[in-house]
Amino acid sequence: MTSPSRSTSARTVDVHALPAMLTALRLPSFHRHWPALAERADTEGWPATRFLAALAEVELAERETRRIRRHLIESRLPGGKTLATFDFKALPSVPRARVEALAAGDWVESGANLIAIGNSGAGKTHLLCAVGHALVEAGRRVLYSRTTDLVQKLQAARRDLVLEAALAKLDRFDLIILDDIGYAQKDQAETSVLFELIARRYETRSLAIAANQPFSAWDRIFPDQAVTVAAIDRLVHHATILEMNVDSYRRRVAAGRSGANADASTTTIGDNLADNLADNIREDLTA
Ligand code: ADP
Ligand code: MG
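Anyway, here's the lowdown on the structure attached to this text.

Reading guide: rules and limits
Residues numbered from 1 in each chain as written. Chains lettered and ligands numbered in written order. Predicted model: local features only at pLDDT ≥ 70, side-chain atom pairs only at ≥ 80, totals over all residues. Heavy atoms only, no water. Helix = DSSP H or I, 4+ residues; strand = E, 2+ residues; numbered from the N terminus. Buried < 20%, exposed > 50% of the residue type's maximum accessible area, 1.4 Å probe, protein only. Contact = heavy atoms within 4.5 Å. Areas by Shrake-Rupley, 256 points an atom, 1.4 Å probe, with all protein chains shown as cover. Arc of directions from axis to C-beta. Core = buried A, V, L, I, M, F, W, Y, C linked by side-chain atoms within 4.5 Å. Near = heavy atom within 4 Å. Polar contact = N/O pair within 3.5 Å; in protein donor to acceptor, adjacent residues only side chain to side chain. Nonpolar A, V, L, I, M, F, W, Y, C, P; charged D, E, K, R; others polar. Axes fitted to C-alpha atoms, helices over the stretch in contact; angles between N-to-C directions. Parallel < 35°, antiparallel > 145°, perpendicular 65-115°, else oblique. Left-handed = near helix turned anticlockwise from the far one by under 90°. Salt bridge = Lys/Arg side-chain N within 4 Å of Asp/Glu carboxyl O. Expected span 1.5 Å × (residues − 1). Pairing = 2+ DSSP bridges.

1. Here we look at the overall build of the protein
Looking only at helices and strands, the protein has 12 helices and six strands in total. Taking all 287 residues of the protein together, the buried fraction comes to 41%. For the protein, the share of sequence-separated contacts (at least 6 apart) that also reach a separation of at least 24 residues comes to 80%. Accessible surface, the protein as shown: approximately 15300 Å² in total, 54% of it carbon and sulfur.

Next comes the structure, spelled out in structure tokens:
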């Protein structure tokens, strides 16, 4: 048997083939950085191991950057709606620290949910997307979708008898942001796929939901009352609920009073509280 060192020393190494070899090995950052690093190594008299380790470091760091960029594209998050552009003063009762804790993302590990409820223009989409962005930057996978768009896709999958595969494909996302859930039509076929998505992800994969309507009005979203209650039960069992009943941010900016008239609160739902909440919703819906 020939050892690698004997076989390489037995013949001349073809240095001209290096670019092609690095491409074949999928090491684009090696490819880009080795000439400059080699020059530095020669000038400063680096040992070969240091040169190799420096290249490996660059490759790993750039690989991570490329991965995050890919995940940002796949997330379909709208650009610009990040924490950096979020005006916390406009939402005084949702403390910044609370949002930063959500942005750190530990909650998605247990498949907990985030629900933002409030009127149009309150900043729900912006806030959920900002959290989504932070999670992608932290290496997690996120998908943003208007609820109606995703429901239509799942409905098409059901028609083609591939709903199970479509739902399984969504499992790769740590978090799915369902924007404007209230606009999903109360159509039996459409909204039962929404329930199936919620049931499938329960306690394993997270959902973040933006809604203009309080839970008591969600019976307009799902096919019937039993499904509505079952969906809300699962969603709120482990959830952070942000009540964002503030004036439209756009209107406030237009009126030049961005911090005014804000009244919002945040609740983390523990199991007992969630049960009580679910009971209240059930009573609301059956009243
Ligand atoms: P909602 O989803 O609740 O209807 P949006 O998140 O779409 O509201 O907010 C409406 C507009 O106002 C968006 O352009 C959004 O970026 C901006 N906006 C809302 N709240 C804030 C905020 N606190 N800081 C900065 N921009 C905000
Ligand atoms: Mg919105």
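2. Observations regarding helix 8 (residues 163-170)
Three or more residues of helix 8 are buried, namely L163, L167 and L170. Buried residues in helix 8, looked at end-on, bunch into an arc of 55°, giving them a common side. Among the exposed residues of helix 8, those pointing more than 90 degrees away from its buried face are E164 and K169.

3. Observations regarding the nonpolar core
Among the nonpolar cores identified, the biggest contains 34 residues, and I176, L194, W218 and F222 are the most heavily contacted of them. Counting residues per element, the ones that place at least two in this core are strand 1 (113-117), helix 7 (147-159), helix 8, strand 3 (175-179), helix 9 (188-201), strand 4 (206-211), helix 10 (225-237) and strand 5 (239-244). Of the residues forming this core, the biggest block, six residues, is contributed by helix 10. Core analysis: the next-biggest nonpolar cluster, separate from the first, contains 29 residues, L77, L102, A208 and L242 among them.

4. Comments concerning the site of ligand 1
Around ligand 1 sit 15 residues, and of these D87, G121, K124, T125 and H126 come closest. One of the backbone N or O atoms of G121 is found 2.7 Å from an oxygen atom in ligand 1. Take K124: an N or O atom from its side chain is 2.8 Å from an oxygen atom of ligand 1. Burial of ligand 1 by the protein amounts to 85% of the accessible area it has alone, namely 550 Å². Contributions of two or more residues to the shell around ligand 1 are made by helix 6 (124-137) and helix 11 (249-255). Looking at the shell around ligand 1 residue by residue, the class counts come to four nonpolar, seven polar and four charged.

5. Considerations on the packing of helix 4 (residues 48-75) against helix 6
Running from N to C, helix 4 and helix 6 cross one another at 150°; their axes reach a closest spacing of 9 Å. The angle between the axes of helix 4 and helix 6 places the two elements in the roughly antiparallel class. For the pair helix 4 and helix 6, the sense of crossing is right-handed. Facing I68, H71, L72 and S75 of helix 4, the residues of helix 6 in contact are H133, V136 and E137. Classifying every residue of the contact of helix 4 with helix 6 gives three nonpolar, three polar and one charged.

6. What to know about the pattern of salt bridges
Applying the stated rule across the entire model yields 13 salt bridges. R200 is the salt-bridge partner of D171, the closest N and O atoms lying 2.6 Å from each other. Placement of D171 in the loop between helix 8 and strand 3 and of R200 in helix 9 is noted, with a sequence separation of 29 residues between them. Relative accessible area serves as the criterion here: at 22%, D171 is assigned to the partly exposed category. For R200, a relative accessible area of 29% translates into the label partly exposed.

7. A closer look at helix 10
Look at helix 10: 18 Å from first C-alpha to last across 13 residues, which is about the 18 Å you get at 1.5 Å a residue. All of the buried residues along helix 10 are V227, T228, V229, A230, A231, I232, L235, V236 and H237. Between the side-chain oxygen of the N-cap and the backbone nitrogen of A226 there are 3.0 Å, and the N-cap of helix 10 in question is D224.

8. Details of the environment of S93
The residue S93 is located in the loop between helix 4 and helix 5 (96-104) in this model. Spatially, the C-alpha atom of S93 lies 8.6 Å from that of M244, the residues being 151 residues apart in sequence.

9. Quick word on the pairing of strand 2 (residues 142-146)
For strand 2, the tally of buried residues reaches four of five residues, placing the bulk of the element in the interior. Summarising the sheet, strand 2 and strand 3 pair through five bridges and their orientation is parallel. Note on strand 3: the bridge partner recorded for R146 is D179.

In short, the description is geometric, and any link to function would need to be established separately.
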